[in-house]
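# Understanding the architecture of this molecule
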Amino acid sequence: MKLRSLLVGLVAATSLGVTAPAAMAGDFCVGVSLPRCPVATFGLNTSGLLGAEDAADLDPGPDTVVIAPHVFDLIEPLNLVPGPDTSIVGAGVGQTVFQGAYPGQDLISVSGEFGSTASGFSVRVNDDSAGGSGLL
């Protein structure tokens with residue numbers, strides 16, 4: 001009898017939708033808002049990008065960090081290390097741009113874990129002759 005009442009309670013809780021929320025790709029955004037990002041939007045700057053990446057890495061399941069069109073003027077190199085199943089997606093080459101603030105600067109490194117990806121952005125050095133690089 002106790003087993004039957006336990007099962008009835010479990011079925012009732014499940015039918016009411018009392019379950020853990022599933023992770024949704026695209027939740028973690030930099031400068032992007034509804035409807036693409038219903039849960040979390042971070043500021044359109046490098047600290048916002050790093051915050052979105054950290055939040056996506058901590059969230060279980062595959063997640064995407066979506067970056068709005070923007071030119072990020074980098075004073076120091078930006079190091080992105082997406083966790084497993086974390087994708088970092090810019091708005092497109094020429095739209096999301098990581099640009100060096102001074103000639104000869106190393107710009108960005110992306111060294112993700114297995115299953116992570118990064119795409120949809122471009123890296124620009126102010127002076128090609130100065131030897132700066134964008135390392136991806």
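In this text the structure is predicted, and so the values were computed from the model without any measurement.

Next up on the list: helix α2 (residues 46–58). The first and last C-alpha atoms of α2 sit 18 Å apart over 13 residues, in line with the 18 Å expected at 1.5 Å per residue. Those residues of α2 that sit buried are G48, L49, A52, E53 and A56. Axial view of α2: buried residues confined to an arc of 135°, hence all on one face. Seen from the buried face of α2, the exposed residues on the opposite side, beyond 90 degrees, are S47 and L58. The inward-facing, buried residues of α2 contact β1 (28–30), β2 (40–42), β3 (63–67), β5 (78–80), β6 (86–89) and β7 (96–100).

Overall, parallel pairing links the three strands, which are arranged β4-β7-β10 in an open sheet. Two strands bound the open sheet, and with one partner strand each, they are β4 (70–74) and β10 (122–124). Adjacent strand axes in the sheet meet at a mean angle of 20°, parallel and antiparallel pairs treated alike. With three bridges connecting them, β7 and β10 associate as parallel partners. Directly across from V97, in β10, lies its bridge partner S122.

Time to look at the confidence of the model for the chain. Mean pLDDT over the chain: 76, with 73% of residues reaching 70 or higher. Element-level pLDDT for the chain is lowest in helix α1 (residues 2–15), with a mean of 35, against a maximum mean of 94 in α2. Across residues 1–23 the pLDDT falls below 50, and counting only partners more than four positions away or on other chains, this stretch makes four contacts in the model. Between residues 132–136, whose pLDDT stays under 50, and residues either more than four places distant or in other chains, the model counts 17 contacts.

Rules used in this analysis
- Residues numbered from 1 in each chain as written.
- Predicted model: local features only at pLDDT ≥ 70, side-chain atom pairs only at ≥ 80, totals over all residues.
- Heavy atoms only, no water.
- Helix = DSSP H or I, 4+ residues; strand = E, 2+ residues; numbered from the N terminus.
- Expected span 1.5 Å × (residues − 1).
- Buried < 20%, exposed > 50% of the residue type's maximum accessible area, 1.4 Å probe, protein only.
- Arc of directions from axis to C-beta.
- Contact = heavy atoms within 4.5 Å.
- Pairing = 2+ DSSP bridges.
- Axes fitted to C-alpha atoms, helices over the stretch in contact; angles between N-to-C directions.
- pLDDT = per-residue confidence, 0-100.

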